Amino acid sequence: MAGEQNTATGAKAPVAARSVALWDPVVRLFHWALVLAFFAVWFLGKFGPDQMTLHFYAGYAVGGLVLLRLIWGIIGPAPARFTSFVRGPKAVMAYARHLPARRPSNTLGHNAVGALFVVGILAVLVVQVTTGLIGDPEDYVNTGPLADYVAIETSRTALSLHELLGNLAMIMVIVHIAAIGFYRRWKGEDLVTPMITGKKQIPAETD
Ligand code: HEM
Ligand code: HEM
């Protein structure tokens with residue numbers, strides 16, 4: 001990663017930090033739009049009006065955003081690419097062992113454990129949108145636009161899965177937000193600012 005490494009003297013520059021570009025505008029826009037769309041779709045699903053048109057619209061927004069992120073994960077810049085942050089079990093375990101340490105990780109991107117959440121929530125959201133589209137609660141109102149293309153038993157099963165994974169998605173999000181708080185409070189690392197500004201502050205001597 002390019003940057004102004006402090007090479008002026010042999011002495012260690014104590015806490016000098018440098019700012020590196022991390023999250024591109026597409027990732028940031030995706031994230032904060034997804035936050036809005038996710039809470040909208042979830043609360044409309046659970047507590048919204050009986051006629052679920054708004055839930056459907058918010059669901060289409062989630063679908064569009066996830067599709068965008070999946071494409072961006074292939075063609076986007078390095079930190080956004082799945083190949084740059086999805087790691088095998090060894091790397092996940094190695095990172096998990098150091099997780100309790102009370103110091104910043106200074107990872108320039110998603111760490112190996114965080115990547116599990118990223119992939120997991122995207123997968124759950126793909127299933128949510130799919131099961132929503134083909135779901136049919138047989139109330140003649142909230143029928144998914146693609147329900148006619150599958151058998152009614154499939155539509156019913158899809159909605160059971162939709163309900164189950166809807167709850168799981170919310171649990172994952174709560175854990176996600178708690179993890180961000182844990183990094184801030186326990187590890188002294190601010191992950192939120194880079195997701196807003198795109199830039200991350202890291203110690204000058206970090207690669
Ligand atoms: C207000 C609450 C939230 C905060 C403060 C927050 C914060 C963050 C931060 C700081 C990251 C970057 C983590 C890193 O450095 O590795 C991140 C990533 C991510 N968050 Fe959140 N998040 C919130 C809510 C959500 C919700 C509701 C969802 C989705 C259902 C979500 C999905 C994601 C995804 C998919 C990523 C990966 C971003 C990417 O690579 O495109 N977050 N979040
Ligand atoms: C195009 C997308 C979507 C469509 C067409 C759709 C459709 C539906 C329908 C018809 C119901 C009512 C189920 C019933 O009455 O048994 C429902 C409930 C629900 N949906 Fe969606 N949905 C979509 C996307 C999503 C997404 C992305 C989420 C994200 C988490 C979500 C979360 C929920 C939740 C939490 C409920 C309430 C389940 C319960 O009763 O506990 N939906 N959805």
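Cut-off values and rules
- Going along each chain's sequence as written, the residues are numbered from 1 onward.
- Labels are handed out in written order, letters beginning with A for the chains and numbers beginning with 1 for the ligands.
- It should be noted that, the model being predicted, local features are given only for residues of pLDDT at least 70 and side-chain atom pairs only at 80 or more, the latter also being counted only at that level, while totals for whole chains, interfaces and linings use all residues.
- For each residue, a C-beta atom is placed from the backbone, and the residue counts as near a molecule or strand when that atom lies within 6 Å of it.
- Each helix is a run of DSSP H or I of at least 4 residues and each strand a run of E of at least 2, with the numbering of both proceeding from the N terminus.
- Residues were grouped as follows: Ala, Val, Leu, Ile, Met, Phe, Trp, Tyr, Cys and Pro as nonpolar; Asp, Glu, Lys and Arg as charged; and all remaining residues, including Gly, as polar.
- Here, a nonpolar core denotes buried Ala, Val, Leu, Ile, Met, Phe, Trp, Tyr and Cys residues that are linked to one another through C-beta atoms within 7 Å.
- A residue is called partly exposed when the number of other C-beta atoms within 10 Å of its own lies between 12 and 20, exposed at 12 or fewer, and buried at 20 or more, with C-beta atoms placed from the backbone.
- Note on contacts: each residue gets a C-beta atom placed from the backbone, and two residues are in contact if those atoms are within 7 Å.
- Given the number of residues in a helix, its expected span is that number minus one, multiplied by 1.5 Å.
- To obtain each axis, a line is fitted to C-alpha atoms, and for helices this fit is confined to the stretch in contact; angles are then taken between N-to-C directions over 0 to 180 degrees.
- By the definition adopted for this analysis, an angle is roughly parallel if under 35 degrees, roughly antiparallel if over 145, roughly perpendicular if from 65 to 115, and oblique otherwise.
- For any pair of crossing helices, the crossing counts as left-handed if the nearer helix is rotated counterclockwise from the farther one by less than a right angle, and right-handed if it is rotated clockwise.
- How sure the predictor is of each residue is captured by pLDDT, a score from 0 to 100.

Trainee: Could you clarify how one ought to interpret the site of ligand 1 in this entry?
Mentor: Lining the immediate environment of ligand 1, one finds 18 residues, of which Phe-38, His-110, Gly-114, Leu-191 and Met-195 sit closest. Of all the secondary structure elements, the ones that give two or more residues to the shell around ligand 1 are helix H1 (25-47), helix H5 (112-134), helix H6 (152-185) and helix H7 (192-197). Taken together, the residues that form the shell around ligand 1 break down as 13 nonpolar, four polar and one charged.

Trainee: Looking at this structure, I do not really get the nonpolar core. What am I missing?
Mentor: Nonpolar side chains in soluble globular proteins tend to be buried together. Counting residues in each nonpolar core, the largest one holds 11 residues, listed as Ala-37, Phe-38, Val-41, Trp-42, Ala-58, Val-62, Leu-65, Val-66, Leu-125, Val-129 and Ala-169. Breaking this core down by element, the ones donating at least two residues are H1, helix H2 (53-75) and H5. Among all residues touching Leu-125, those that are not within four sequence positions of it are Val-62, Val-66 and Ala-169.

Trainee: Just checking my understanding: could you explain H2 for this structure?
Mentor: Since the α-helix advances by 3.6 residues per turn, residues separated by three or four positions end up pointing in the same direction. The end-to-end C-alpha distance of H2 is 33 Å, a good match for the 33 Å that 23 residues give at a rise of 1.5 Å each. All buried positions along H2 are accounted for by Ala-58, Gly-59, Val-62, Leu-65, Val-66 and Arg-69. Lining the buried residues of H2 we find H1 and H5.

Trainee: Explain the site of ligand 2 to me, please; I cannot follow it from the model alone.
Mentor: The environment of ligand 2 is made up of 25 residues, and the closest members are Gly-45, Gly-59, Gly-132, Pro-137 and Gly-166. Sorting elements by how many residues they give to the shell around ligand 2 places H2 first, with six residues. Of the residues contributing to the shell around ligand 2, the split by class is 12 nonpolar, 11 polar and two charged.

Trainee: Mind showing me how you'd approach the packing of H2 against H5 here?
Mentor: Working note: a packed helix pair is described by the angle between its axes plus the distance between those axes. Where H2 meets H5, the axes come as close as 10 Å, and the angle between the chain directions of the two elements is 135°. One element, H2, and the other, H5, form an angle in the oblique class. Crossing hand, H2 versus H5: left-handed. Of H5, the residues touching H2 (which contributes Gly-59, Val-62, Gly-63, Val-66, Arg-69 and Leu-70) are Leu-122, Leu-125, Val-126, Val-129 and Gly-132. Of the residues in the contact of H2 with H5, the class split is seven nonpolar, three polar and one charged.

Trainee: What is the right way to look at unusual backbone geometry in this model?
Mentor: Trans is the common state for peptide bonds, and a negative phi is the common state for residues other than glycine. The backbone of Asn-106 sits at a positive phi, close to 55°, despite the residue not being glycine. Note that Asn-106 resides in the loop between helix H4 (89-98) and H5. A tally of 14 C-beta atoms within 10 Å means that Asn-106 is categorised as partly exposed. Within the chain, Glu-138 stands out as a residue other than glycine whose phi angle is a positive 55°. Mapped onto the elements, Glu-138 comes out in the loop between H5 and H6.

Trainee: Is there a simple way to explain the packing of H5 against H6 in this structure?
Mentor: For the pair H5 and H6, the least separation of the axes is 8 Å and the interaxial angle reads 150°. Of the possible angle classes, the one that applies to H5 and H6 is roughly antiparallel. Regarding H5 and H6, the two cross each other, and that crossing is left-handed. Counting all contacts with H5, which are made through Phe-117, Gly-120, Ile-121, Val-124, Leu-125, Val-127, Gln-128, Thr-131, Gly-132 and Ile-134, the residues of H6 involved are Thr-154, Ser-155, Ala-158, Leu-159, Leu-161, His-162, Leu-165, Gly-166, Leu-168, Ala-169, Met-172 and His-176. Split by residue class, the contact of H5 with H6 holds 13 nonpolar, nine polar and no charged.

Trainee: Looking at this structure, how should I read the confidence of the model for the chain?
Mentor: Atomic detail in the predicted coordinates should be set aside for any region of low pLDDT. Averaged over every residue, the pLDDT of the chain is 92; the share at 70 or more is 92%. Within the model, pLDDT remains below 50 along residues 1-13, and this stretch shows 11 contacts once partners closer than five positions in the same chain are excluded.

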